[in-house]
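Okay, here's what each chain looks like letter by letter:
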Amino acid sequence: MKIWVNGGLHDEETARVSVLDHGLTVGDGVFETVKAERGETFALTLHLERLTRSARGLGLPDPDLDEVRRACAAVLEANPLELGRLRITYTGGLSPLGSERGDAGPGLVVAVGGTSRRPDTTAVVTVPWTRNERGALTGLKTTSYAENVVALARAKEAGATEALFGNTAGRLCEGTGSNVFVVLDGRIHTPPVSSGCLAGITRALAAEWTGAVETDLPLDVLETAEEVFLTSTLRDVQAVHRVDGRELPGAPGPVTAKAMRIFEERAAADRDPVLG
């Protein structure tokens, strides 16, 4: 495995960042996960735009996107994979212990790992913890992921692959690494970004391509929705067949199945799509 660390490729055994990197000590960093198939990325431009927005939200300098693209290309060329998870991590860099950021400049790591195609359906659980829709990190894809680690462990204990959060107002928000859609009266709805959810790349593309609408939804909509599905970089569009103890027989339902088909066709036709 070859990994890009701060300017060049390194063998996995020698790829190192400082133990004083702010991304490690206080979670001062942002990241993106990009799907790569046979060395070709999907929606890289949209992911890099969000990387920049997240960096600005933390007060980090804008990443050099030309360098990030070079790093991605170098890593994919050095590590041929049929299907890969390309991870771009951009951190506050070498800093003093504590929350104050140092002046050594940001750090950049790009790595890739193999992955497998997701099943057509999955199970999810709701968790008792909330997303803070008014927090300083709301809407930013940061490396501060401990809440997601705890929630995902709860989901796995329950035989599910994802945990869904409400926000502090009791409204449906998102998963640990996915966005959630529901079908009501045959129409597709997804929580607005004002709910505190991440503005997912797959979420945005799926919404535009299927005509889904942003709707402020109560968390208990999951108890009555006709269909439920998730979107994320590696899931694409994935139907949900169980929410907590509620079974959704026949998943993927007709609306979700159509959304899956539309997304697959549009993604295959354009590997670097734009929105709008």
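How each quantity is defined
Residues numbered from 1 in each chain as written. Predicted model: local features only at pLDDT ≥ 70, side-chain atom pairs only at ≥ 80, totals over all residues. Heavy atoms only, no water. Patch = residues over 30% accessible without salt bridge, like charges linked within 9 Å, V, L, I, M, F, W, Y side chains within 5 Å. Areas by Shrake-Rupley, 256 points an atom, 1.4 Å probe, with all protein chains shown as cover. Salt bridge = Lys/Arg side-chain N within 4 Å of Asp/Glu carboxyl O. Helix = DSSP H or I, 4+ residues; strand = E, 2+ residues; numbered from the N terminus. Buried < 20%, exposed > 50% of the residue type's maximum accessible area, 1.4 Å probe, protein only. Core = buried A, V, L, I, M, F, W, Y, C linked by side-chain atoms within 4.5 Å. Contact = heavy atoms within 4.5 Å. Phe/Tyr/Trp six-rings, centres within 6.5 Å; stacked < 30°, edge-to-face > 60°. Pairing = 2+ DSSP bridges. Axes fitted to C-alpha atoms, helices over the stretch in contact; angles between N-to-C directions. Parallel < 35°, antiparallel > 145°, perpendicular 65-115°, else oblique. Left-handed = near helix turned anticlockwise from the far one by under 90°. Polar contact = N/O pair within 3.5 Å; in protein donor to acceptor, adjacent residues only side chain to side chain. Expected span 1.5 Å × (residues − 1).

The next subject is a nonpolar patch on the surface. A cluster of nonpolar side chains, V19, L20, L24, L94 and L97, forms an exposed patch at the surface whose accessible area comes to about 530 Å². Mapped onto the elements of the fold, L20 is located in the loop between β2 (8-11) and α1 (22-25). Look at L20 and you get partly exposed, because its relative accessible area is 35%.

A word on the environment of M1. Looking at where M1 falls in the secondary structure, it is placed in the segment before β1 (2-5). Separated by 81 residues in sequence, M1 and E82 have C-alpha atoms that sit 15 Å apart.

A word on the nonpolar core. Residues W4, C72, L86, I88, Y90, L108 and V110 are the most contacted members of the largest nonpolar core, which totals 23 residues. Secondary structure elements with two or more residues in this core: β3 (29-37), α2 (44-58), α3 (65-78), β5 (83-91) and β6 (107-114). Look past the residues within four positions of L86 in its chain and what remains in contact with it is E32, T33, V34, T41, C72, V75, L76, V110, A111 and V112. If you look at the next biggest cluster of nonpolar residues, it comprises 19 residues, including A43, F181, A206 and A267.

Per the stated rule, a full pass over the model turns up four aromatic pairs. Between F42 and F263, the ring centres sit 6.2 Å apart and the planes meet at 70°, which makes this aromatic pair edge-to-face. Of this pair, F42 sits in the loop between β4 (40-41) and α2 while F263 sits in helix α6 (residues 254-269), and the two are 221 residues apart along the sequence. On the basis of relative accessibility, which here comes to 4%, the residue F263 falls in the buried class. A centroid spacing of 5.2 Å and a plane angle of 45° characterise the contact between W209 and F263, whose relative ring orientation is tilted. Of this pair, W209 sits in helix α5 (residues 201-210) while F263 sits in helix α6, placing them 54 residues apart in sequence. With relative accessibility at 10%, the residue W209 sits in the buried group.

What follows is about the pairing of β3. Burial analysis of β3 places nine of its nine residues in the buried class, which makes it a mostly covered element. Bridge count for β3 against β5 is nine bridges, and the pairing is antiparallel. Paired with E32 across the strands is I88, a residue of β5. For β3 and β4, the ladder comprises two bridges, and the chain directions are antiparallel. Note on β4: the bridge partner recorded for A36 is T41.

This brings us to the pattern of salt bridges. The tally for this structure, following the rule as stated, stands at 14 salt bridges. Here E37 makes a salt bridge to R117, at a shortest N to O gap of 2.9 Å. Within this pair, whereas E37 is found in strand β3, its partner R117 is found in the loop between β6 and β7 (121-131), the two being separated by 80 residues in sequence. Where R203 meets E214, a salt bridge forms, and the shortest distance between an N and an O atom there is 2.5 Å.

With antiparallel pairing, six strands are arranged side by side in an open sheet as β2-β1-β6-β5-β3-β4. The strands lining the two open edges of the sheet, one partner per strand, are β2 and β4. Bridge count for β1 against β2 is four bridges, and the pairing is antiparallel. Across the sheet, I3 pairs through a bridge with H10, a residue of β2. α2 contacts β3, β4 and β5 of the sheet and is inclined by roughly 175° relative to β3. Against the sheet, α3 touches β1, β2, β3, β4, β5 and β6, its axis set at about 30° to β6.

Right, let's get into the packing of α2 against α3. The contact between α2 and α3 brings their axes to 11 Å, and the two run at 130°. By the angle between their directions, the pair α2 and α3 is classed as oblique. Crossing of α2 against α3: the hand is right-handed. In this structure, α2 contributes L44, T45, L48 and T52 to the contact, and α3 contributes L65, V68, R69 and C72.

Along the chain, the position of T202 falls in helix α5. A residue is classified by how much of its surface remains accessible, and T202, at 5% relative accessible area, is buried. Within polar-contact distance, the side chain of T202 engages the backbone nitrogen of T233 at 3.5 Å. With sequence-adjacent residues up to four places away left out, T202 is seen in contact with T231, S232, T233, D236 and F263.

For the rest of this paragraph, the subject is α6. Spanning 16 residues, α6 covers 23 Å between terminal C-alpha atoms, matching the ideal 22 Å at 1.5 Å per step. Within α6, burial applies to T256, A259, M260, I262, F263 and A267.

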